[in-house]
Each structure stands twice: as structure tokens, then as C-alpha cells.
Amino acid sequence: FRLLELLPKQDPLRPFQVVCFVVFHNGESAAKEKSLSAAKEKALANEWRLSFPKGWGAPESIDLDRLVSWTDLPIGKEGRHFSGTATYRTSFTGIKGEVVVLDLGEVEFVADVFVNGRKVRTMWAPPYRCGIGDYVTDGKNELRIDVTSTWFNRLAYDAGLPENERKTWTISAPPKNTPPKPAGLIGPVTLRR
């Protein structure tokens, strides 16, 4: 850890390579090696709360025990075709001053990341990774991710409705009965220390 203090501060998205040697004695190498790798990367597999805006056919909020596309949620046909911005919330335990990279895994399409109420970054393309170490405090930390999808799924849903019931209009919509495309935060979401 002293080595990291001596190195110049780096952008977590442009990692540098550090070579070090770890020597284990007395046959303990396998157990220690396993615990070191486990401490290095942690999946945020805990419960997430997903909130949708009102008026678009999705529930106000739903608790998730795993991340999946909005198209795979048990929220009705209109909800599964939701297009727009929805908010994911969870928490994690952190240590102030720790170098932490948040990896969102698969995101469809744009993600705004907030830690403890402070905006970290907006990400538009893979890899959906950002450094969050400057925002982490000792103990419990709140993570919020706003994910915005394209309008494709809602346009596809509306194409199958009578014109007076549609919420969206366009010159060239997807044809009626077009299956929805994956949307939302699909993950897996991991913290890399």
C-alpha cells in the first residue's frame, strides 16, 4: 500500500500497471491468494430499488434481488416497453480514501452515476466504468444510477395501439408487434478496489 502512495495520482479509467511480488509461507498461499482476490472485486448483488416516472405504464418503484432488462421485469406489457429514465438505488460499505472503480457491466443506454448524492459521471458507451474513490466515505455509502434508454421500445408498443391511445408519435416507428430491445441496468455491477 505504501507503493500506491508513492505513485502519481492516476485517472482510474486509464489504469497503470504495477508489478509486485507476494510471498507466502507455511502452505497458506492458496487461502491468502483467494482472500486477496475476493477483496479486490466485489459484486453488488444486494437488493436494488428501481423507480420509474409516473404516467408511462411502469410501477412507481419495484425492489429487485437481481438486475435484468426492463423487458424481463414482471411489470406488465406497457411497463416492459418503458422508454426514458429510471433510477436504481442501493448501498455499499466503503473506506474513505480507498481507490474504487465502479463497473456497471451492461447498460442500455446512458448511465448517470451518483455516490452519496454527488454526481460522479455520465457514461454513454462501454466500458461503463468510473472511479468513485473521491466520493466514498467510511461505512455505508448510497449509490444511485439513473439509466436512460432510447425511445425504441415505447414506439414499438405504441405502434400496436389505436392512435388516440398512443403516448408517442414519429414519422417512422417500428412496425406493430416488434419485440422490445433490452433496456436498463443489466449488470453485473462490481466494485474494484
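Residues numbered from 1 in each chain as written. Predicted model: local features only at pLDDT ≥ 70, side-chain atom pairs only at ≥ 80, totals over all residues. Heavy atoms only, no water.

### What to know about the overall build of the protein chain
Then step 1. A count of helices and strands for the protein chain gives 4 helices and 12 strands.
Then step 2. Considering the protein chain as a whole, with its 193 residues, one finds that 37% of them fall into the buried category.
Then step 3. For the protein chain, long-range pairs separated by at least 24 residues make up 67% of all intrachain contacts whose partners lie at least 6 apart in sequence.
Then step 4. When the accessible surface of the protein chain is totalled, it reaches about 12100 Å², and 54% of it is carbon and sulfur. (Helix = DSSP H or I, 4+ residues; strand = E, 2+ residues; numbered from the N terminus. Buried < 20%, exposed > 50% of the residue type's maximum accessible area, 1.4 Å probe, protein only. Contact = heavy atoms within 4.5 Å. Areas by Shrake-Rupley, 256 points an atom, 1.4 Å probe, with all protein chains shown as cover.)

### Things to note about the pairing of strand 8 (residues 118-123)
Then step 1. Two elements, strand 7 (residues 110-115) and strand 8, share 5 bridges in a ladder whose sense is antiparallel. Directly across from Asp112, in strand 8, lies its bridge partner Thr122.
Then step 2. The antiparallel hairpin formed by strand 7 and strand 8 contains 2 residues in its connecting segment, where Asn116 sits at a positive phi of about 55°. (Pairing = 2+ DSSP bridges.)

### What to know about the sheet that holds strand 10 (residues 139-148)
Then step 1. As summarised here, the arrangement of the 6 strands in space is 3-2-4-10-7-8, forming an open sheet in which the pairing is antiparallel. Of all strands in the sheet, those bounded by a partner on one side alone are strand 3 (61-64) and strand 8. Mean inter-strand twist for the sheet, computed between neighbouring axes without regard to direction, equals 20°. (Axes fitted to C-alpha atoms, helices over the stretch in contact; angles between N-to-C directions.)

### Quick look at the nonpolar core
Then step 1. The biggest cluster of nonpolar side chains holds 37 residues, and the ones touching the most others in it are Trp48, Phe52, Trp70, Tyr88, Leu104, Ile132 and Leu185.
Then step 2. Secondary structure elements with two or more residues in this core: strand 2 (48-51), strand 3, strand 4 (85-94), strand 7, strand 8 and strand 10.
Then step 3. If we ignore the near neighbours within four places in the chain, the residues touching Tyr88 are Trp48, Arg49, Leu50, Leu64, Leu67, Trp70, Leu143, Arg144, Ile145, Val147, Gly184 and Leu185. (Core = buried A, V, L, I, M, F, W, Y, C linked by side-chain atoms within 4.5 Å.)

### Section: the sheet that holds strand 9 (residues 129-131)
Backbone-to-backbone hydrogen bonds join strands into a sheet, with any given pair of strands oriented parallel or antiparallel.
Then step 1. A sheet is described by the order of its strands in space; here 4 strands give the open sequence 1-12-5-9, paired in antiparallel fashion. The sheet terminates laterally at strand 1 (41-43) and strand 9, the two strands that pair on one side only. In this sheet, neighbouring strand axes are inclined to one another by 20° on average, regardless of whether the strands run parallel or antiparallel.
Then step 2. The sheet contact formed by strand 5 (residues 101-103) and strand 12 (residues 190-192) spans 3 bridges and is antiparallel. The partner of Val101 across the bridge, within strand 12, is Arg192.

### Here's the deal with the pattern of salt bridges
Then step 1. In this structure the tally under the stated criterion is 11 salt bridges.
Then step 2. Across the salt bridge formed by Arg192 and Glu41, the nearest N and O atoms sit 2.9 Å from each other. Here Glu41 lies in strand 1 and Arg192 lies in strand 12, a separation of 151 residues in the sequence.
Then step 3. A salt bridge links Arg49 to Asp63; the shortest N-O distance between them is 2.8 Å. Residue Arg49 is found in strand 2, and its partner Asp63 is found in strand 3; the two are separated by 14 residues along the sequence.
Then step 4. On the basis of relative accessibility, which here comes to 39%, the residue Arg49 falls in the partly exposed class.
Then step 5. Residue Asp63 is classed as partly exposed on the basis of its relative accessible area of 40%.
Then step 6. Taken together, the shared-partner salt bridges connect Glu41, Asp103, Arg129 and Arg192 into one network. (Salt bridge = Lys/Arg side-chain N within 4 Å of Asp/Glu carboxyl O.)

### Digging into the confidence of the model for the protein chain
Then step 1. Of the residues in the protein chain, 80% reach a pLDDT of 70 or more, and the chain-wide mean stands at 86.
Then step 2. For residues 1-9, every residue scores under 50 in pLDDT, and the model assigns this stretch 4 contacts once sequence neighbours within four places are set aside.
Then step 3. Across residues 29-38, confidence stays below pLDDT 50; counting only partners more than four residues off in sequence or on other chains, it has 4 contacts. (pLDDT = per-residue confidence, 0-100.)

### A look at the packing of aromatic side chains
Then step 1. Applying the stated criterion across every chain, the model contains 5 aromatic pairs.
Then step 2. Summarising the aromatic geometry, the rings of Trp70 and Phe82 are spaced 5.2 Å apart at their centres and angled 65° between planes, so their arrangement reads as edge-to-face. A residue pair is termed long-range when its members are at least 10 positions apart, and Trp70 in the loop between strand 3 and helix 3 (76-80) and Phe82 in the loop between helix 3 and strand 4 qualify at 12 residues.
Then step 3. Here Trp70 falls in the buried class, since its relative accessible area comes to 0%.
Then step 4. Look at Phe82 and you get buried, because its relative accessible area is 1%.
Then step 5. A network of ring pairs unites the aromatic residues Phe52, Trp70 and Phe82 as a single cluster.
Then step 6. A cation sits over an aromatic face here: Lys181 above Phe152, 4.4 Å from the ring centre. (Phe/Tyr/Trp six-rings, centres within 6.5 Å; stacked < 30°, edge-to-face > 60°. Lys NZ or Arg CZ within 6 Å of the ring centre and 35° of its normal.)

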